[in-house]
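Single-letter residue listing:
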Amino acid sequence: MFRHTALRFWTLGLVAAAAVLRVLTAEYFGLELVAEIAILAILVIALDMVAGFGGMVSLCHGALMGAGAYGYAMLTVKAGLAPPAAFAGAVAITGAAAWAIGAVCGRSQGIYFIMATLAFGQMAYSIVFEQPAFGGDDGMSGVPRIDLSLIGVDLNDPRSFAFFCLLLLGGVYWFATHVLQAGLGRTLTGIMHNEQRMRALGVNVWRIKADMFGLSGMIAAVAGALAAQHVMFVSPGLLNWTVSGEALVVVILGGLGTIIGPVIGAIAFVMLKHEISAHTDYWHLFVGVILIAVVMSRANGIFGWVEQRLSRARKVTAGDAIDAQGRTDAAGTRARDDA
Amino acid sequence: MLETRGLSKRFGAVHVTRDVSLRLQRGERRVILGPNGAGKTTLFNQLVGETRPDAGQILLAGEDVTGLTVQARARRGLSRSYQRNTLFDGLTVEENLGLAAAVAHGHWHSIRHDSLTRHDVRDTVREVAEQLRLMPHLHARVGDVSYGVRRQLEVAVALATRPLVLLMDEPTSGVGPEMSRGFHDLLNDLPRDLTLLIIEHDMDLAFAVADSITVLNHGEVVFDGSPEDARGSRLLKDIYLGHWADA
Amino acid sequence: MQGDLGFWVLQGLNALQLSMLLFLLSVGLTVIFGLMHFVNLAHGALYAFGAYAAATAGAALGFWGGLLIAPLAVAALGVLLYLGCIRRMRRAGPMAQVLVTFGLIFVMLDLTRIVWGAQALSAPVPAVLDGRVAVLGVEYPAYRLFVIALGLAIWGALALVLNRTQIGAMIRAGVDNDQMAACMGIDVERMFFVVFCVGCALAGLAGAVAAPILSVTPDMGLQILVPTLIVIVIGGLGSLNGAVAGSLIYGAVQTFGAVLFPQLASILIYGLLAAVLILRPAGLFPARG
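This structure is a prediction, so every number in the text was calculated from the model and none was measured.

Criteria and thresholds
- Residues numbered from 1 in each chain as written.
- Chains lettered and ligands numbered in written order.
- Predicted model: local features only at pLDDT ≥ 70, side-chain atom pairs only at ≥ 80, totals over all residues.
- Helix = DSSP H or I, 4+ residues; strand = E, 2+ residues; numbered from the N terminus.
- Rg over C-alpha atoms; globule rule 2.2 N^0.38 Å.
- Buried ≥ 20, exposed ≤ 12 C-beta atoms within 10 Å, placed from the backbone.
- Contact = placed C-beta atoms within 7 Å.
- Nonpolar A, V, L, I, M, F, W, Y, C, P; charged D, E, K, R; others polar.
- Pairing = 2+ DSSP bridges.
- Axes fitted to C-alpha atoms, helices over the stretch in contact; angles between N-to-C directions.
- Arc of directions from axis to C-beta.

**Q** Please give an account of the overall build of chain B that cites residues and values.
**A** Within chain B, the regular secondary structure consists of nine helices and 10 strands. Its C-alpha radius of gyration of 18 Å places chain B within 12% of the 18 Å reference for a compact globule of 247 residues. With the C-alpha coordinates of chain B rotated into their principal frame, the extents come out at 55 × 40 × 30 Å. Buried positions account for 47% of the 247 residues belonging to chain B. Partitioning the contacts of chain B with sequence separation of at least 6, the portion at a separation of at least 24 is 65%.

Now the structure itself:
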């Protein structure tokens, strides 16, 4: 059950302050990095909403992000819509598609759910790759950024764009935590813990799963529409299942089911990627090793590890029963229940 | 309030329920007795919709619910507890009750309000927790409380949906005789207009609580009547109650 | 052209050849899942490793040497993987397994690039099979017929082992109910290890026979993984017959789809998969009743 603990508040504040400071002081490359991190963070928040609180390990979130990117690109470049309308349109279309995917896949469990989402993601990839209307292998270029000149902001300026991304990330963070603390999120968490009992209580399980998956898809589409504006170009590679896999890696790296954890995971992931890529071509080797180490250590990622450490320290000093300890136990139970 | 007509279900060659017809009045408290394998739990599963009957009808408050899903029946006021604890182990006692109460008050799919902090949900949680003596454990994680408390919570969660009919599958299964007597008091404290259908092995509890008794054997209703008649019944003694009636 | 027999024979053989390749890959994966509910996404990477091993060994020892060495090399790698991490992930739940084996994909992808470089390797077709054979009036490459024959032979051998031998009966018991099998005195863990190694060897064999047809690249494992997963989900996780049926369906839909409805070819198979997941969530031939 999602809670805003003091640690989470402080971490959030620290991340926000550091990000703002970075945007104010950084040069071009640093600003690009901030935008990249913010976009990835939005995507992994979307994934954590369903994976961390509903046990819905999706391998189609990359495709949903790609749908958002292509939706935005198609609506601006091909349909000639104004960018803000295209943004809203892309989010709405992707949300509807995600709702449908959630409604269909929500009936299956565990590995079948993973496979089913993988299938839908790859289906989207094939459609984009093979239909000439989407530009095929070449993708589409000339994607415009939203025009905010009315309020005196030029998003073609990297600093403004980085700010814009951060602002949306903040909004997404607020929205995601709000939904998770509302009835929908609470009920979804209940379903993850015990689906049969939730049904016996009168909960329409597939509907809850579909609704949350739809909301998650809308957030993924925000990430996609931002990504399209960031590089002003879309290509089918965005929808590939490995993108979904990487997003899952980031969620796990940061701490599943904590929302702020995956944001930290996104920061760590992008920074590491740039650091390691500067020295070697074999960046995936490092990601792979880190991922295996994190999963096999059974810690809940960076943030989960810190939470656990702190709660343990407090337990020793104060001697009280700590709920964060319970949460990691619950994560363990969840992993076993999935089997 | 709850009625079944000719409910039948077979698994392969075995009739687990055969032509079961029951009729519960509003506020009636009925205990179902029967040896292991008599089809009691399967009857519950059919009543709430977890198992489909091969034939027969189920009526809840006069409405035919035979074709409805588990969740649709639950929202119409049919709630159950399980013989084996079926709780949300990682969550606190309060959260367990809150999830159920949120359904009762229609906040379970809201994306605007926190279902657990709504005043109507909190009131229900408090009320049910008091009824089932769970107040001292409200903030404990379910995994950390004793087995007996979890048995109470199992019933409390079912009750927090504010049902018309509550089905309890061996609420005292696995608890000691002392706790069992405590349960007797708990059940007597429940609202009188709530219809109860209880599967129970503990004879003392059964006869202390029941307005009426149904006995199942090999999936068939072999006795249906008042506790007084049940005590005097020769048939019951033969099938099941031998040692109790002799005592 | 579509009306004549030759077209159907040709495409039928193409479909069968693709099916048999997928069968070699999917059968190991599906039985590993059926036995232990273990999801090994790195199965495709093992196949790629097999292709590289075959190409490298083949350069020194000839095609047949490569075909023999590749399965052994991949099985050896499988032993390492098993001892290193898979054994510990056995009871960790599907998400952890998916993630660990996803990590293995990354690691093995870059390791192959480090060892063999990013350039595509080619493996020659052996001289004996380097011609064409007339089948029902169609000239068809002999090597592809060999792939079909090999796939059918392996299928036959596996069916024989699974249905007629003691170990086969034990495996079937394990797939059906591993706890019960353990109670009956079957060492499920050891059986899993053996099956895992055989599955790896078959993946290596698939890589070796695919090497001369496809070009050998580091990402060939990634490319084959999704089709393999589709095959086992359509067929039903854990069953030999499911792997065969899934492979044949995939091969047919993909091959005929590509020539008859080129616009829809790849969407067709995903649509079929979605339909199976909705209508028969356990696949067409589930291993358990």
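**Q** Quick rundown of unusual backbone geometry? Include the residues and the values.
**A** One non-glycine residue, Met232 of chain A, lies in the positive phi region at around 55°. Inspection of the secondary structure puts Met232 of chain A in the loop between helix H9 (205-231) and strand E2 (233-234). Although it is not a glycine, Arg162 of chain B sits at a positive phi angle of roughly 55°.

**Q** Explain the interface of chain A and chain B to me, and be specific about the residues and the numbers.
**A** In this complex, chain A contributes 27 residues to the contact, which on the side of chain B involves 31 residues. Elements represented by at least two residues in the side of chain A that touches chain B include exactly helix H6 (158-181), helix H7 (183-193), helix H8 (195-200), H9 and helix H14 (323-338) of chain A. The greatest single-element share of the side of chain A that touches chain B, amounting to six residues, is contributed by H7 of chain A. Of the residues in the side of chain A that touches chain B, the class split is 10 nonpolar, 11 polar and six charged.

**Q** Describe the interface of chain C and chain A, naming the residues involved and giving the relevant values.
**A** If you look at the interface, chain C gives 35 residues, while chain A gives 36 residues. Broken down by secondary-structure element, the contributors of at least two residues to the side of chain C that touches chain A are helix H3 (94-116), helix H8 (220-235) and helix H10 (265-279) of chain C. The greatest single-element share of the side of chain C that touches chain A, amounting to 16 residues, is contributed by H3 of chain C. Tallied by class, the residues present in the side of chain C that touches chain A amount to 27 nonpolar, four polar and four charged.

**Q** So what about the sheet that holds strand E8 (residues 195-199) of chain B? Which residues, and what values?
**A** Residues and elements named next belong to chain B. Spatial ordering of the open sheet is given by E6-E7-E8-E3-E9-E10, a layout of six strands whose pairing is mixed. Looking at the sheet topology across the chains shown, the edges are occupied by strand E6 (78-81) and strand E10 (220-225). Each neighbouring strand pair of the sheet contributes to a mean axis angle of 20°, computed without reference to strand direction. Note that strand E7 (residues 165-169) and E8 share five bridges and pair parallel. Residue Leu166 lies in a different strand from E8, and its bridge partner there is Leu196. Running over the sheet, helix H1 (residues 40-48) touches strand E3 (29-33), E6, E7, E8 and strand E9 (212-217) and is turned about 150° from E7.

**Q** I'd like a rundown of helix H5 (residues 166-176) of chain C, residues and numbers included.
**A** Within an α-helix, residues lying three or four positions from one another point in the same direction, as the helix has 3.6 residues per turn. Along H5 of chain C, the residues classified as buried are Ile171, Gly174 and Val175 of chain C. Seen along its axis, H5 of chain C keeps its buried residues to an arc of 100°; they face one direction.

**Q** Could you give an account of the arrangement of the chains, with specific residues and numbers?
**A** Between all two pairs of chains that are in contact, chains A and C come out with the most contacts. One finds no contact between chain B and chain C; the C-alpha atoms of the two approach each other to within 14 Å at their closest.

**Q** If you had to explain the pairing of strand E2 (residues 14-24) of chain B to someone new, which residues and values would you point to?
**A** All names here are of chain B. As paired elements, strand E1 (residues 2-11) and E2 share seven bridges and run antiparallel to each other. Directly across from Phe11, in E2, lies its bridge partner Val14. Linking E1 back to E2 in an antiparallel pair, the connection comprises two residues, with Gly12 at a positive phi of about 60°.

**Q** Run through the sheet that holds strand E4 (residues 55-60) of chain B, naming residues and quoting values.
**A** All names here are of chain B. Read across the sheet, four strands follow the order E2-E1-E4-E5 without closing on themselves; strand pairing throughout is antiparallel. The open sheet is flanked by E2 and strand E5 (63-64), the only strands paired with a single partner. Against the sheet, H1 makes contact with E1, E2 and E4, and its axis sits at roughly 60° relative to E2, the strand it touches most.

**Q** Quick rundown of the environment of Thr76 of chain A? Include the residues and the values.
**A** With respect to the helices and strands, Thr76 of chain A occurs in helix H3 (residues 61-78). When the C-alpha positions of Thr76 of chain A and Asp157 of chain A are compared, they lie 20 Å apart, and in sequence the two are 81 residues distant.

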